[in-house]
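Take a look at the letters that make up each chain.
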Amino acid sequence: MAGEPESSLLVYFLQNEEKIITYMAYAMLLAAMVVFSCTVMGFSVPYGRYSSTKFGMLINANFAWFVQELPAFAVPVWCVFCTDAVQLSNFANNVLVGMMIFHYFQRTFIFSLLHRGKPTPLAPFIAAVFFCLYNGYMQGRYLTHFAVYETNYHISPRFLLGCSMFLGGMAINIQSDRILTNLRKPGETGYKIPRGGMFDYISGANFFGESLEWTGYAVACWNLPAFVFAIFTVCNIGPRAFHHHKFYQEKFEDYPPERKAFIPFLL
């Protein structure tokens, strides 16, 4: 019958879904190594101040951020409300998938409206949409269907530490984004030295905050998909913090010499 191949493929997928998610995680880990190798050799992902028409037509930054972040919010929500989310009987699973939803709600519906960045080229925009769709499914589906925790896991030191790191990182990220957004008044162009918050210690305060956030998420989740996501985040935006640091040092003679790039007092 015409529908049998598609039906058989779906059955195979559902029967092997946890294994497929594991393969997806390893694929993301490989991608993280490729991205890190490229960025430490000097390549800057072409969005924001590194935006270029060499990578496709330019898209309004606010629209781009909204569309590209939306799948990482919508897919976990779909996993919670529209699938057999068998693990959500455990309170810890609800909190963990809630972290994903909470972060990407802020990025999709709040940050995208406040952002004042340069237009985004088509290529990195498409890549970001794919990544958020891919990762949204990997995190959301694993936490709602496959991640098994003890009944009292939500009061364990590891869970509480991870949640604290996540909330602290998110607070730093949001504060840093607000500082960057308010650097220029509407209509102004050019760059200024960001000051206040973690910017008093590092050039990439927003990148540090987001890296801390997802590292805390990984500690709380304590599973392969979450750790790989944290690793990818650091490999992707960690080098970008060093690119920003070099940019500021070359552009401003009075740039604070004691300020580090990515990790306060260290790097």
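A quick note: this is a predicted structure, and the numbers were derived from the prediction, not measured.

A closer look at the overall build of the chain
Tallying secondary structure elements over the chain gives eight helices and two strands in all. Seen in sequence order, the chain has helices and strands lined up from the N terminus as α-α-β-α-α-β-α-α-α-α. For a compact globule of 267 residues, the expected C-alpha radius of gyration is about 18 Å, and the chain comes in at 20 Å, within 12% of that figure. Dimensions of the chain, computed from C-alpha atoms along their principal axes, come out at roughly 70 × 50 × 35 Å. Residues counted as buried form 48% of the 267 residues belonging to the chain. In the chain, the proportion of contacts linking residues at least 24 apart, taken out of those at least 6 apart, comes to 83%. Carbon and sulfur atoms make up 68% of the accessible area of the chain, which totals about 13700 Å². Positive and negative side-chain charges in the chain, numbering 18 and 16 respectively, have mean positions lying 11 Å apart.

Details of a nonpolar patch on the surface
A contiguous nonpolar surface patch, about 480 Å² in accessible area, is contributed by Phe 105, Phe 109, Ile 110, Leu 113 and Leu 114. Tracing the backbone through its elements, the reader meets Leu 113 in helix H4 (residues 91–114). Classification of Leu 113 by relative accessible area gives exposed; the value is 67%.

Considerations on the environment of Phe 207
Tracing the chain through its elements places Phe 207 in helix H7 (residues 205–221). Sequence-wise, Phe 207 and Ser 176 are 31 residues apart; in three dimensions their C-alpha atoms are separated by 8.9 Å. Not counting the four nearest positions on each side in its chain, Phe 207 is found in contact with Ile 237, Arg 240, Ala 241, His 244 and Phe 262.

A few points about the nonpolar core
As a rule of thumb, nonpolar side chains are buried together in soluble globular proteins. In terms of nonpolar packing, the biggest core is built from 44 residues, with Leu 96, Tyr 104, Leu 143, Tyr 149, Trp 214 and Tyr 217 touching the most fellow members. Of all elements in the fold, only helix H2 (17–40), helix H3 (61–82), H4, helix H5 (122–146), helix H6 (157–181), H7 and helix H8 (224–251) reach the threshold of two or more residues within this core. Per-element tally for this core: the top contributor is H5, with eight residues. Among the nonpolar cores identified, the runner-up in size contains eleven residues, and Ile 179, Ala 205, Phe 207 and Ala 241 belong to it.

Points about the pattern of salt bridges
A full pass over the atoms with the stated rule returns three salt bridges. In this structure, Asp 84 and Arg 141 form a salt bridge, with 3.3 Å as the shortest nitrogen-oxygen distance. One end of the pair, Asp 84, is in the loop between H3 and H4; the other, Arg 141, is in helix H5, and 57 residues separate them in sequence. According to the relative accessible area criterion, Arg 141 is buried, its value standing at 6%. Of the charged contacts, one joins Asp 177 and Arg 107 as a salt bridge, the two residues approaching to 2.8 Å between their closest N and O atoms. In this pair, Asp 177 sits in helix H6 while Arg 107 sits in helix H4, placing the two residues 70 residues apart along the sequence. With a relative accessible area of 10%, Asp 177 lands in the buried category. The exposure class of Arg 107 is buried, given its relative accessible area of 5%.

Observations regarding the side chain of Arg 141
Of the polar contacts made by the side chain of Arg 141, one reaches the side chain of Asp 84; its length is 3.3 Å. Residues contacting Arg 141, with those up to four places away along its chain left out, are Glu 17, Ile 21, Cys 79, Thr 83, Asp 84, Gly 136 and Phe 146.

Brief notes about the confidence of the model for the chain
Taken over all residues, the pLDDT of the chain has a mean of 93, while the share at 70 or more is 98%. When mean pLDDT is taken per element in the chain, H7 scores highest with 98 and helix H1 (residues 4–15) scores lowest with 77.

A look at H2
Its 24 residues place the ends of H2 34 Å apart at the C-alpha level, agreeing with the 34 Å of an ideal helix rising 1.5 Å per residue. When H2 is considered as a whole, its buried residues turn out to be Glu 17, Ile 21, Met 24, Ala 25, Met 28, Ala 32 and Thr 39. Of the residues flanking the end of H2, it is Gly 42, one or two places downstream, whose phi is positive at about 115°.

The rules we used
- Residues numbered from 1 in each chain as written.
- Predicted model: local features only at pLDDT ≥ 70, side-chain atom pairs only at ≥ 80, totals over all residues.
- Heavy atoms only, no water.
- Helix = DSSP H or I, 4+ residues; strand = E, 2+ residues; numbered from the N terminus.
- Rg over C-alpha atoms; globule rule 2.2 N^0.38 Å.
- Buried < 20%, exposed > 50% of the residue type's maximum accessible area, 1.4 Å probe, protein only.
- Contact = heavy atoms within 4.5 Å.
- Areas by Shrake-Rupley, 256 points an atom, 1.4 Å probe, with all protein chains shown as cover.
- Lys, Arg positive; Asp, Glu negative; His and termini not counted.
- Charge placed at Lys NZ, Arg CZ, Asp CG, Glu CD.
- Patch = residues over 30% accessible without salt bridge, like charges linked within 9 Å, V, L, I, M, F, W, Y side chains within 5 Å.
- Salt bridge = Lys/Arg side-chain N within 4 Å of Asp/Glu carboxyl O.
- Core = buried A, V, L, I, M, F, W, Y, C linked by side-chain atoms within 4.5 Å.
- Polar contact = N/O pair within 3.5 Å; in protein donor to acceptor, adjacent residues only side chain to side chain.
- pLDDT = per-residue confidence, 0-100.
- Expected span 1.5 Å × (residues − 1).

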